[in-house]
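Breakdown of the fold
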Amino acid sequence: MPAPALPYFDQVLRRLAAGDAQLERCFGNHVHWGYWQDPHTCARRARQEFPQAAEALTHLLLDQAHLQAGQSVLDVGCGFGGTIASLNQNWDGLALTGLNLDGRQIERARQLVQPRAANTIDWIVADACALPLAPASVDLVLAVECIFHFPSRQAFLQEVQRVLRPGGRLVLSDFVPCRPLAILLRVLQSLRGAPFSNGTYGPIDCRWDQRRYTSQARLHGLELRKDADITSHTLPTYAVVRELFDAMGAASAVRDTARIEQLSRWGWLRYRILSFSKPIAAGR
Ligand SMILES: C[S@@+](CC[C@H](N)C(=O)[O-])C[C@H]1O[C@@H](n2cnc3c(N)ncnc32)[C@H](O)[C@@H]1O
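Let me sum up the structure you'll find in this document. (Residues numbered from 1 in each chain as written. Predicted model: local features only at pLDDT ≥ 70, side-chain atom pairs only at ≥ 80, totals over all residues. Heavy atoms only, no water.)

Brief notes about the packing of helix H4 (residues 50–63) against helix H5 (residues 82–90)
Taken N-terminus to C-terminus, the directions of H4 and H5 make an angle of 70 degrees; their axes are 10 Å apart at the nearest point. With respect to H5, the axis of H4 lies roughly perpendicular. Along the contact surface, H4 presents Glu55, Thr58, His59 and Leu62, while H5 presents Thr83, Ser86, Leu87 and Asn90. (Axes fitted to C-alpha atoms, helices over the stretch in contact; angles between N-to-C directions. Helix = DSSP H or I, 4+ residues; strand = E, 2+ residues; numbered from the N terminus. Parallel < 35°, antiparallel > 145°, perpendicular 65-115°, else oblique. Contact = heavy atoms within 4.5 Å.)

Section: the site of the ligand
Close to the ligand lie 21 residues; Val31, Gly77, Asn100, Gln105 and Asp127 are nearest. His32 places a side-chain nitrogen or oxygen 2.9 Å from an oxygen atom of the ligand. One of the backbone N or O atoms of Val144 is found 2.9 Å from a nitrogen atom in the ligand. Of the residues contributing to the shell around the ligand, the split by class is 12 nonpolar, 7 polar and 2 charged. (Near = heavy atom within 4 Å. Polar contact = N/O pair within 3.5 Å; in protein donor to acceptor, adjacent residues only side chain to side chain. Nonpolar A, V, L, I, M, F, W, Y, C, P; charged D, E, K, R; others polar.)

Some thoughts on the nonpolar core
Of all hydrophobic cores here, the largest spans 58 residues; its most connected members are Leu87, Trp123, Phe175, Tyr201 and Phe245. Contact partners of Tyr201, with chain neighbours within four places excluded, come to Leu6, Pro7, Tyr8, Trp33, His149, Val241, Phe245, Asp256, Thr257 and Ile260. Core analysis: the next-biggest nonpolar cluster, separate from the first, contains 28 residues, Ala126, Cys129, Cys146 and Leu164 among them. (Core = buried A, V, L, I, M, F, W, Y, C linked by side-chain atoms within 4.5 Å. Buried < 20%, exposed > 50% of the residue type's maximum accessible area, 1.4 Å probe, protein only.)

What to know about helix H8 (residues 179–192)
If you check H8, its first and last C-alpha atoms are 20 Å apart, about what 14 residues at 1.5 Å a residue would give, namely 20 Å. Those residues of H8 that fall on the buried side of the exposure criterion are Leu181, Ala182, Leu185, Arg186 and Gln189. The arc enclosing the buried residues of H8, seen along the axis, measures out at 140 degrees, which places them on a common side. Along H8, the residues that are exposed and aim more than 90 degrees away from the buried face are Pro180, Ser190 and Leu191. Buried residues belonging to H8 abut strand E5 (164–177), strand E6 (196–198), helix H9 (210–219) and strand E9 (269–277). Where H8 ends, the next residue or the one after it, Gly193, has phi of about 75 degrees, a positive value. (Expected span 1.5 Å × (residues − 1). Arc of directions from axis to C-beta.)

Some remarks on the side chain of Asp75
The topology assignment puts Asp75 in strand E1 (residues 72–76). In this structure, Asp75 is buried with no salt-bridge partner, the nearest side chain bearing the opposite charge being Arg108 at 13 Å. Apart from residues no more than four positions distant in its own chain, Asp75 is found in contact with Thr83, Ile84, Thr97, Gly98, Leu99, Leu142, Ala143 and Val144. (Lys, Arg positive; Asp, Glu negative; His and termini not counted. Salt bridge = Lys/Arg side-chain N within 4 Å of Asp/Glu carboxyl O.)

Re unusual backbone geometry
The bulk of non-glycine residues show a negative phi, and the bulk of peptide bonds are trans. Phi angles above zero are rare outside glycine, and His66 is one such case at about 50 degrees. Inspection of the secondary structure assignment puts His66 in the loop between H4 and E1. A positive phi angle, near 50 degrees, is found at Glu145, a position not held by glycine. Mapped onto the elements, Glu145 comes out in the loop between strand E4 (138–144) and helix H7 (153–163).

What about the environment of Gln216?
Relative accessible area serves as the criterion here: at 14%, Gln216 is assigned to the buried category. Residues Gln216 and Arg153, 63 residues apart in the sequence, show an inter-C-alpha distance of 9.0 Å. For Gln216, the contacting residues outside a window of four places in its chain are Gln154, Leu157 and Trp208.

Here it is, written out as structure tokens:
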């Protein structure tokens, strides 16, 4: 399957190649929204402290993982390998795999992250909805801020259920709409017959509200363990992203980002960390 057109990644890769130092600091490793302890962090501080916020979000997700030495971890939609780098830095004896549909990102990740201590790292170019991995071969699947791009959440959950060992976990972060917005998006998308797409972020499917996430996961043999709504702690990011696009002269990207920001500030679109486990008895 060809990689979906994600114009923001084309832009980011171009600017990184051109040596954009501010972009490198904010999105050179992690390409996600980050976590701000103080939701009222001003734009200037947010710009300075972006790498720490990005790492803080990663740690929040990993807190849900209950990792142990010797375990295998699959990070789907791994971007430039920021999450794998963090795992590699802070744990020993892990079998790490970063997977992405975009070979250019995998190439950068491979160059940035070398395995240390007793860790191993594999990099795979593949679709998260068709995992080239054996059944029951993974202890932890991570999906950090990427599922809204996938062709099908159902297909992804089915694959996660297949590759997870009994007792294994799925930990993800995603933009999750409130129920009325989810219903509206479902109706609009069924009328259009295609997921929403904009010239900045490419295809974005945010039709699953919290209730649907939980029920669909259960249908695919995964039980919800924890659900944390951290929307307010992601809000300082929007000013930084708008500034970066503004500096690139990308006016439409500034507008697209401001629209998502508005939905988040109104509370219609929530940023959630969800963790699921595959029950021990469900070892099919
Ligand atoms: C916002 S980025 C998040 C990157 C990374 N998880 C991080 O936190 O730094 C979304 C990622 O999803 C990847 N992606 C989109 N569709 C995918 C698919 N079907 N299978 C695998 N990766 C995909 C994109 O290439 C991109 O790297």
